[in-house]
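Commentary on secondary and tertiary structure
In case you want the letters, here they are:
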Amino acid sequence: MDQVSEQQVMRKLRFRLVPFLMLLFVIAYVDRVNVSFAALTMNKDIGLNAYTYGLGAGIFFIGYFIFEVPSNLMLARVGARRWIARILFSWGLVACAMMFVQGQKSFLTLRFILGVAEAGFSPGVILYLTYWFPARYRARVVAQWHLAIPIALAVGAPVSTWIMQLNGALGLKGWQWLFMLEGLPAVLLPIIVLFVLPDKPAQASWLSESEKRWLERELETDREKIVVKKTESGVGKIFTNPLIWAFGFIYFANVGSNYGLSMFMPQIIKQLGFSTMQTGLIMFIPYLCGCVGMMVIGHFSDRFKERKWHLIASLLITSLGLGIAGLLGPTLGAIVMLCVATIGIMGVKGPFWPIPAAHLSGAGAAAGIAFINSVGNLGGWAGPYMVGWFKYFTDSFKGGLCGLALLAFSGALMTLFTVKVSQAAPVAQEAAAGTAEAAGKR
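This section reports on the structure supplied with the text.

Criteria and thresholds
- Every chain is numbered on its own, with residues counted from 1 as its sequence reads.
- With the structure being a predicted model, the display of local features is reserved for residues of pLDDT at least 70 and the display and counting of side-chain atom pairs for 80 or more, all residues being used for whole-chain, interface and lining totals.
- Water and hydrogen atoms were dropped before computing side-chain values, which therefore reflect all heavy atoms in the structure.
- Helix and strand assignments follow DSSP, with helices taken as H or I runs no shorter than four residues and strands as E runs no shorter than two, numbered in order from the N terminus.
- For every residue, the accessible area obtained with a 1.4 Å probe (protein chains only) is divided by the maximum for its type, and the residue is called buried under 20%, exposed over 50%, and partly exposed between those limits.
- In this description, accessible areas are obtained by the Shrake-Rupley approach with a 1.4 Å probe, and a residue is regarded as covered only by the protein chains that are shown.
- The axes are straight lines fitted to the C-alpha atoms, using for helices just the contacting stretch, and the angles between their N-to-C directions are given from 0 to 180°.
- Reported orientations rely on four angle classes, namely roughly parallel under 35 degrees, roughly antiparallel over 145, roughly perpendicular from 65 to 115, and oblique for the rest.
- The sense of a crossing depends on the near helix, which, turned anticlockwise from the far helix by less than a right angle, makes the crossing left-handed and, turned clockwise, makes it right-handed.
- Any two residues having at least one pair of non-hydrogen atoms within 4.5 Å are treated as being in contact.
- Classification used: nonpolar for Ala, Val, Leu, Ile, Met, Phe, Trp, Tyr, Cys and Pro, charged for Asp, Glu, Lys and Arg, polar for all others including Gly.
- The length a helix should cover is 1.5 Å for every residue beyond the first.
- Salt bridge criterion: a side-chain nitrogen from Lys or Arg within 4 Å of a carboxyl oxygen from Asp or Glu.
- Working definition: rings of Phe, Tyr and Trp (its six-membered ring) pair if their centres are within 6.5 Å, and the pair is stacked with planes under 30 degrees apart, edge-to-face with planes over 60 apart, and tilted otherwise.
- Distance thresholds for patches are 9 Å for like charges and 5 Å for nonpolar side chains (Val, Leu, Ile, Met, Phe, Trp, Tyr), applied to residues having over 30% relative accessible area and no salt bridge.
- Definition of nonpolar core: a set of buried residues of the types Ala, Val, Leu, Ile, Met, Phe, Trp, Tyr and Cys, connected through side-chain atoms within 4.5 Å.

**A short note on the overall build of the chain**
Looking only at helices and strands, the chain has 24 helices and zero strands in total. Across the 442 residues in the chain, those meeting the buried criterion constitute 60%. Of the roughly 16800 Å² of accessible surface on the chain, a fraction of 67% belongs to carbon and sulfur atoms.

Given below as structure tokens:
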């Protein structure tokens with residue numbers, strides 16, 4: 001297949017799969033973080049202080065951590081289409097049920113159950129993308145899919161604060177309307193998932209037979225070049241591999257920085273004197289910057305077939321932005337630095353995920369990607385907890401933001417000392433060589 005045909009296949013895959021998967025991620029992410037907007041009035045209504053709110057915002061990830069690996073193994077066994085639909089429906093029901101929280105215990109319980117319900121979605125989609133896209137395209141595709149995060153926050157912010165204006169309608173609080181209306185799409189979409197997402201290229205009616213054969217050859221070439229091989233019979237080895245734990249910590253640093261910021265950013269902005277609606281509109285700006293940063297960093301990571309230094313740069317940008325924002329305190333300059341931090345936070349996604357994907361295959365990939373994601377997502381508990389703790393005991397966000405900056409910096413150091421340059425993109429380079437060799441034979 002010539003280069004023009006290869007580009008046509010990639011365009012088909014991007015058009016048919018990525019936008020819909022992005023939509024699902026937008027819905028998932030909105031249901032994870034809409035509690036940050038609900039907190040603007042909910043905390044007072046049900047008696048939550050900053051400490052308990054931070055604990056509850058992050059406890060989502062404890063449930064996520066416990067059930068993520070089993071969920072991804074089930075996805076590999078029963079197929080992505082059915083399992084993603086199941087995850088979507090489950091978390092939608094729990095997201096809607098959040099409207100019934102009445103105090104600390106019910107808030108903490110439902111946030112934990114929401115994490116259990118959504119467990120496996122993100123690593124499941126990352127694994128699913130490896131079934132379709134050759135390794136040399138994955139940083140761009142993963143970055144494009146992760147655009148759902150800043151889009152969810154940029155669009156979700158004004159939408160969420162607008163919904164909050166329904167306060168009092170039909171006797172419901174604004175935050176109750178928020179949980180109900182933003183949880184409903186996840187309840188209604190699973191039936192569409194079953195019709196739209198094929199499990200593997202062989203089931204894609206929109207690919208010709210020659211395109212399917214070419215794609216399968218490309219993916220098989222990648223599998224043969226994977227650094228860690230024959231993990232099918234040794235899934236347990238994943239959990240004792242120091243490199244996998246290092247990947248988990250790097251992702252922990254990124255996720256902790258992300259959620260530590262996003263769960264409190266509405267409160268950080270509102271303390272400058274803005275209204276609830278103005279806060280939602282201002283929230284659009286940092287995540288628009290994050291969209292641009294994610295795509296630019298992912299593009300250059302693929303273009304130069306380099307992961308390590310793009311990852312380190314993204315983590316250092318995160319650390320710089322958060323640290324300076326914390327030192328500046330409640331000022332407009334701090335909001336500018338939060339925009340910088342968001343570029344780094346979102347920029348990590350593209351160069352990071354191709355690194356572990358280049359070391360895993362088969363059932364080992366399902367378990368390894370889920371394990372890295374689950375360990376990393378514990379940062380989603382640690383980050384909000386840290387910020388909430390500092391806010392409760394110091395009545396300031398300064399200590400929390402500086403703590404997040406140190407966390408991101410530690411992720412950069414871990415990357416520096418554990419990820420070898422030669423490991424960063426071996427599959428991309430070898431797959432390209434394999435493609436050229438195959439083309440020569442044809």
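**Some remarks on the packing of helix α4 (residues 50-78) against helix α6 (residues 104-118)**
The description of two helices packed together rests on the angle between their axes and the distance between the axes. Orientation of α4 relative to α6, taken along the N-to-C sense of each, is 30 degrees, at an axis distance of 7 Å. Overall, the two elements α4 and α6 adopt an arrangement that is roughly parallel. Of the two possible hands of crossing, α4 and α6 adopt the one that is right-handed. Packed against α4, whose contacting residues are T52, Y53, L55, G56, A57, I59, F60, I62, G63, Y64, I66 and F67, the element α6 presents Q104, F107, L108, R111, F112, L114, G115, V116 and E118 at the interface. For the contact of α4 with α6, the per-class residue count stands at 14 nonpolar, five polar and two charged.

**Section: α6**
With 15 residues, α6 extends 21 Å between its outermost C-alpha atoms, agreeing within 8% with the 21 Å of an ideal straight helix rising 1.5 Å per residue. In this structure, the buried side of α6 is in contact with α2 (18-33), α3 (35-46), α4, α5 (80-97) and α7 (121-130). Count one or two residues on from α6 and you reach G120, which has phi positive near 100 degrees.

**Digging into unusual backbone geometry**
For L170, which is not glycine, the phi torsion reads 55 degrees and is therefore positive. Examined against the element boundaries, L170 turns out to sit in the loop between α9 (148-163) and α10 (174-188). Backbone geometry places K305, a non-glycine residue, at a positive phi of 50 degrees. Mapped onto the fold, K305 is located in the loop between α15 (276-303) and α16 (308-328). Using a relative accessible area of 35% as the deciding quantity, one classes K305 as partly exposed.

**What to know about the pattern of salt bridges**
Applying the stated rule across the entire model yields seven salt bridges. One salt bridge connects E209 with K212, and the closest N-O pair in it is separated by 3.5 Å. Remark: K212 and E209 occur in helix α12 (residues 209-225); sequence separation between them is three residues, near one turn of the helix. R307 is paired through a salt bridge with D302; the nearest N and O atoms lie 2.9 Å apart. Owing to a relative accessible area of 5%, D302 belongs among the buried residues under this scheme.

**What about the packing of α2 against α7?**
It is at 11 Å that the axes of α2 and α7 come closest, and there the two elements cross at 165 degrees. Classed by the angle they form, the pair α2 and α7 counts as roughly antiparallel. Crossing geometry of α2 relative to α7 is assigned as left-handed. On the side of α2, the interface is formed by L21, L24, F25, A28 and R32, while α7 contributes F121, S122, V125, Y128 and L129. Considered class by class, the residues forming the contact of α2 with α7 number eight nonpolar, one polar and one charged.

**Section: the packing of aromatic side chains**
This structure, assessed with the given rule, holds 28 aromatic pairs. Measuring from centroid to centroid gives 6.1 Å for F249 and F252, while their planes differ by 15 degrees, and the two rings are stacked. Of this pair, F249 and F252 both sit in helix α13 (residues 242-262), three residues apart, roughly one helical turn. Classification of F249 by relative accessible area gives partly exposed; the value is 28%. Three or more aromatic residues joined by ring pairs make a cluster, and in this case those are F25, Y29, F60, F61, Y64, W91, F121, W145 and Y259.

**Brief notes about the side chain of S71**
Mapping S71 onto the fold places it in helix α4. Apart from the residues within four sequence positions on either side, S71 is in contact with W83, R86, I87, A119 and G120.

**As for the side chain of T52**
Tracing the backbone shows T52 in helix α4. Taking the relative accessible area as the measure of exposure, T52 reaches 7% and is therefore buried. Residues within four places of T52 in sequence aside, it is in contact with Q104, F107 and L108.

**A word on a nonpolar patch on the surface**
On the surface, W309, L316, F409, L413, L416 and F417 cluster together into a nonpolar patch covering about 590 Å² of accessible area. Elements with a minimum of two residues in the nonpolar patch: α16 and α22 (398-418). Top contributing element to the nonpolar patch by residue count: α22, with four residues.

**Quick look at the environment of T318**
Following the sequence through the fold, T318 ends up in helix α16. Residue classification places T318 among the buried residues on the basis of a relative accessible area of 1%. In sequence terms T318 and L404 are 86 residues apart; their C-alpha atoms lie 8.9 Å from each other. Not counting residues within four places of it along the chain, the set of residues in contact with T318 comprises S257, A341, G344, I345 and A408.

**Quick notes on the nonpolar core**
Counting residues in hydrophobic clusters, the biggest one holds 131 residues, and the most contacted among them are L13, M42, W91, F121 and W132. Here this core takes twelve residues from α2, the largest share from any one element. Ignoring sequence-local partners within four residues, the contact set of W91 consists of L24, I27, A28, D31, L114, A117, E118, F121 and A186.

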